[in-house]
Structure formats: C-alpha cells, structure tokens
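A closer look at the structure
This is what each chain is made of:
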Amino acid sequence: MRVFIAGMDGYLGWSLAQYLAARGHQVAGADLFLRRQWVEEMGSCSATPIVPMKERLAALKESRGLEAKFWEADLRDYSVVERIFKEFHPDAVVHLGECPSAPYSMVDVHHATFVQVNNVVSTFNLMFAIRDLQPEAHLLKLGTMGEYGTPNVDIPEGFFEIEYRGRRDRMPFPRQPGSFYHLSKVHGSNNIMFACKVWKLRATDVMQGVVFGTRIDEMGSDERLLTRLDFDESFGTAINRFCCQAVIGHPLTPFGRGHQKRGFLPLRDSMQCLTLALENPAQPGEYRVFNQFEEVYDLTELAEKVRRVAEQLGLKVEIHNLENPRKEMEEHYYKPDHQNLRDLGYKPTHDVEAEMKIMLADLMKYRDRIEGKREVLIPKIRWDGTSHKVEYLSGQAVGA
Ligand code: USQ
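What you see is a predicted model, and the numbers here were worked out from it, not measured in a lab.

The next point concerns unusual backbone geometry. The phi angle at histidine 89 is positive, at roughly 50 degrees, despite the residue not being glycine. Within the element layout of this structure, histidine 89 appears in the loop between α4 (78–88) and β4 (92–95). Within the chain, arginine 165 stands out as a residue other than glycine whose phi angle is a positive 50 degrees. Note that arginine 165 resides in the loop between β6 (159–164) and β7 (167–172).

What follows deals with the pairing of β6. Sheet topology note: the β6/β7 ladder contains six bridges and is antiparallel. Bridge pairing links glutamate 163 to arginine 168 in β7. Hairpin connection from β6 to β7: two residues lie between these consecutive antiparallel strands, with arginine 165 at a positive phi of about 50 degrees.

Turning next to the pattern of salt bridges. One pass over the structure, following the stated rule, counts 29 salt bridges. Note that glutamate 304 is salt-bridged to arginine 307, the shortest N-O span being 3.2 Å. Placement of the pair is glutamate 304 and arginine 307 together in helix α10 (residues 299–312), with a separation of three residues, close to one helical turn. In this structure glutamate 304 comes out as partly exposed when scored by relative accessible area, which is 32%. Between glutamate 318 and lysine 316 there is a salt bridge, with the nearest N and O atoms lying 3.6 Å from each other.

Okay, the sheet that holds strand β10 (residues 261–266) next. One open sheet accounts for three strands, arranged β9-β10-β12; its pairing is mixed. Strands with a single pairing partner mark the edges of an open sheet, and in this sheet they are β9 (210–212) and β12 (295–298). Strand after strand, the sheet turns through a mean of 40 degrees between neighbouring axes, direction not considered. Across four bridges, β10 lies against β12 in antiparallel orientation. Of the residues in β12, the one forming a bridge with arginine 262 is tyrosine 297. Where helix α9 (residues 267–279) meets the sheet, its contacts fall on β9 and β10, and the angle it forms with β10 comes to roughly 80 degrees. Packing of α10 onto the sheet brings it into contact with β10 and β12, and relative to β12 it is tilted by some 100 degrees.

Next up on the list: the nonpolar core. Among the nonpolar cores identified, the biggest contains 74 residues, and Ile5, Met8, Met356 and Leu363 are the most heavily contacted of them. Broken down by element, the residue count for this core peaks at eight residues, all from helix α1 (residues 11–22). Residues Ile84, Ile155, Ala195 and Tyr334 belong to the second largest nonpolar core, which totals 34 residues.

Moving on, we get to the packing of helix α8 (residues 238–247) against α10. Viewed as axis vectors pointing N to C, α8 and α10 meet at an angle of 35 degrees, and their least axial separation amounts to 10 Å. For α8 against α10, the interelement crossing comes out right-handed. Listed contacts from α10 to Ala238, Ile239, Phe242, Cys243 and Ala246 of α8 are Leu299, Leu302, Ala303, Val306 and Ala310. Classifying every residue of the contact of α8 with α10 by side-chain character gives ten nonpolar, no polar and no charged.

Once that is clear, we can look at the side chain of arginine 35. Structurally, arginine 35 can be placed in helix α2 (residues 34–41). Not counting residues within four places of it along the chain, the set of residues in contact with arginine 35 comprises Pro100, Arg228, Asp230 and Phe235.

On to the site of the ligand, then. Around the ligand sit 22 residues in total, of which Pro100, Tyr181, Ala238, Phe255 and Glu328 are the nearest. A distance of 2.8 Å is found between an oxygen atom of the ligand and a side-chain nitrogen or oxygen belonging to arginine 326. Here an oxygen atom of the ligand and a side-chain polar atom of glutamate 328 are 2.6 Å apart. Relative to its free-state accessible area of 730 Å², the ligand is covered by the protein chains to the extent of 93%. Counting only elements with at least two residues in the shell around the ligand, the list comes to α7 (180–199) and α8. Among the elements that line the shell around the ligand, the one with the most residues is α8, at three residues. Each residue belonging to the shell around the ligand can be placed in one class, and the counts come to ten nonpolar, eight polar and four charged.

What counts and what doesn't
- Residue indices begin from 1 for each chain and proceed along its sequence in written order.
- The model is predicted, so local features are restricted to residues of pLDDT at least 70 and side-chain atom pairs to those at 80 or more, both for listing and for counting; the totals for chains, interfaces and linings are taken over all residues.
- With hydrogens and water set aside, each side-chain value is computed from the structure's full complement of heavy atoms.
- Strands here are runs of E lasting at least two residues and helices are runs of H or I lasting at least four, both read from the DSSP assignment and numbered beginning at the N terminus.
- Two strands are counted as paired when DSSP detects at least two bridges linking them.
- Put simply, a salt bridge is a Lys or Arg side-chain nitrogen that is within 4 Å of an Asp or Glu carboxyl oxygen.
- Three exposure classes are used, based on accessible area relative to the maximum for each residue type with a 1.4 Å probe and protein chains only: buried under 20%, partly exposed in between, and exposed over 50%.
- Inter-axis angles, ranging from 0 to 180 degrees, are taken between N-to-C directions of lines fitted to C-alpha atoms, where helices are fitted over the stretch in contact.
- In what follows, residue pairs with any heavy atoms lying within 4.5 Å of each other are defined as contacts.
- Note on terminology: a nonpolar core comprises buried Ala, Val, Leu, Ile, Met, Phe, Trp, Tyr and Cys residues joined through side-chain atoms within 4.5 Å.
- Handedness of a crossing follows from how the near helix is turned relative to the far one, being left-handed for an anticlockwise turn of less than a right angle and right-handed for a clockwise one.
- Note on residue categories: nonpolar means Ala, Val, Leu, Ile, Met, Phe, Trp, Tyr, Cys or Pro, charged means Asp, Glu, Lys or Arg, and polar means any other residue, Gly included.
- By convention in this text, a residue qualifies as near a molecule or strand provided that one of its non-hydrogen atoms is within 4 Å of it.
- The term polar contact refers here to a pair of N or O atoms within 3.5 Å; inside protein, the definition further demands a hydrogen-donor-capable atom paired with an acceptor-capable atom, and it admits residues adjacent in sequence only when both atoms are side-chain atoms.
- Here the accessible surface of atoms and residues is derived via Shrake-Rupley with a 1.4 Å probe, and residues count as covered only by protein chains that are part of the display.

Written out as structure tokens, the structure reads:
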C-alpha cells in the first residue's frame, strides 16, 4: 500500500514510517519540523537524541535497507498538498501533522489561533486533496480520547443509540473537550464526518489515549532511528514526564488531587493499531471511530507504577502533587469502550509496566539531557491565561 504520513518527523510519524516500511508498504511523508521549534520555544529538547530528517532517512537505508520519500512541506498550503498527491498517489493518508498540545493551545490568543488554524486547515487540505485527486484513498485521522472529555456515563466509540421524547436515533456521542487543542480535534472530526457523508470519502478517526514509550523493535540499536520523547509541560505527556522525572530524581508531579483518569497505550501498540486500521480500511462513505488505548489509570496510580518500576532499576522516586494549572475534573467516572480495534485483531504486546521498564532503562542513558532542562518539568501555562510556576501542594518549595 502507498501510505502518505502527514507529520512524519514527529513522535508517532517517524515511528510509523519505520513500522510500515518494515512491513513492505511504500511510505512517503511530509513535515515542516514545527514540533522541533515548539519544543525549543518551551526551552526544552527531546530526551532521546534526534538527528535531522536527512540523516534519519540515510540511517533507515543503511541499517534496515528501507526507503521512505520525504517533503519538507507546509500542509496548510493547498498547492503543496496537491503537488505531493500528484507525485505520490497515496492509497492511504495518515494525518499525524497536527499540533498535539493542550497547554500550548492555552498560552494566549496567538497560540490558540495557531493551533486551531494549523490543525483544521491541514485536515481540510488533506480531505479536499483526497476528494479531488485520490477519491479512493482512506483517510486515517489521529483524533484523541480527549475529544469526549470526562462525562459521568460510559463512552462509546464515536456514536451511540439515543431515545429522546419517544424517538430513537444513532448520533455522535457528545464531545466535551478540555482545551482549545482538543477542540481543534473535534472540529477536524466534524469536518471529516461531513465529508464522508457528502463526498463518500472513507475515513477512520482514531480517538487515541496517551501514548508512551521510547521505542519500537524496528528502531533496533541504531540511535539515529530513535523517535523523539518530550518531557516539557506542553509536549511531554504525563507518563513520559513521570519517567523522565524518575530518572533524574525529580519528584513525580500529579496535578491537583491526581485522580484524573486517562487511557494509556505503548508506542508499539499504537503502531499496531494504526496499521490494522490502514490494512482494514473504512468503506466508501463510511466514517468510523476507534477508541485506541489499552488500560485506564488515574494519575496517582500511574505515578505509583512509575515509582515501582523505577525502584526495580535502583532509582529512588518521590511523588509530590502540584497545584493544577488546568481546569479539569480531578476525580471522576471514566469508562470508555475499546472493542473495535480488538475486533480487527489488535493484541497488546507488552503490559504497561514492562514497557515502562524498557523506557526507563532507555532514558537512564540520556539522564544528562533531561537534567540539563530540569526547569521545564514544573509547568507555568495556566488555563486561566496567566503564566507563573505552579506550587507543590505539600508546601514544599518548587525545585526542591
Ligand atoms: N498531568 C499531571 N501531571 C503532569 C502532566 C499532566 O497530572 O506532569 C495530568 C493532566 O492534568 C491531565 C492528564 O495528566 O489530567 C493528562 O495530561 P497529558 O499532558 O498527559 O495529556 P493531554 O493533555 O490530555 O494530551 C495528551 C497528548 C495529546 C493527546 C492526549 C490523549 O499531548 O496529543 O491527544 O494526550 S488524551 O489524554 O486521552 O486526551
């Protein structure tokens, strides 16, 4: 299959390029390297060393004998997307080219506008290019479990049956996201659902939980094939941050009461799920939704798991809750379905603690890189629009 990956330089994009190429798919991708700039803007860097795309592609060839085509390209420019489609003729388009950060979208009007325009317009351009140039192509769009928010009822996979005033219908499940970033994903989902209806596009919208992990087997031992791993307040997810904190002896930082629940899955299982969705595409006119995560934990359970696994590796770990810079429920019901991918054959490869162990061992090699950016572990971006470092709830001084 000819697969085009929008956002091929990112955490998921670079991993997926390798995973698909290793399975015999023809891979091409584009990226404007904005993620590298955003993380720099946060004063941080990837915990794993990452080389420029040119070197990544050379390493893929040298180490694995595999090739991928690449364009440095701005997907907000329709003429650029058209040019790529005319050259590559994709059978499938994976959209991983969005700004993925809730905090970044809450900084100020400029960041909020940037995130929504970037995410909505790039999705639009891919949809229109499929309609006009590759109408049979399957669009695999990365959504997020955060689109649903945390309702006090079970969460289905996209749609639910509802009876209201004596009548029944199958309707999209309500979206109640918690940031302008998560809202940008809802806008993308709505636009794609509409395009499937009116143009008979085929699309899969993946509501992905929090992905973690430093590697997939396809990266082997060549350091140049590693994907990035962020730990700053905007681009580092809670679990990746907790693991980075553990390796440098920084307290783990659940926010507020720390009972926010989320679904988690290892990077290698995210690759397996995305590939299953590609190899079993939606039908023309079908807009389907997959909830993609393995296990649900609350943030305190997660921190306890990181502590337990880190201690097995000889690390000493403390957990100190921080004041919550976000506006979110800190204790709530959370029970999302996740059957669709299992029905396609998804089998989790590693349990969460086994994957954490691999990740912590990897990160210990890069301790100095994390230590050098220690200050980014305490957040400043607040949902009320102000920006100043949050405090430890225990009364302990920040940085202690
Ligand atoms: N959190 C902490 N301590 C930290 C960092 C975060 O308690 O040091 C809490 C947050 O307050 C939140 C939860 O952990 O309640 C998850 O935060 P996160 O930063 O790990 O994840 P989130 O902002 O929800 O976004 C991440 C990705 C995003 C993806 C989403 C999937 O950045 O691209 O869409 O995970 S999900 O969380 O299921 O919506």
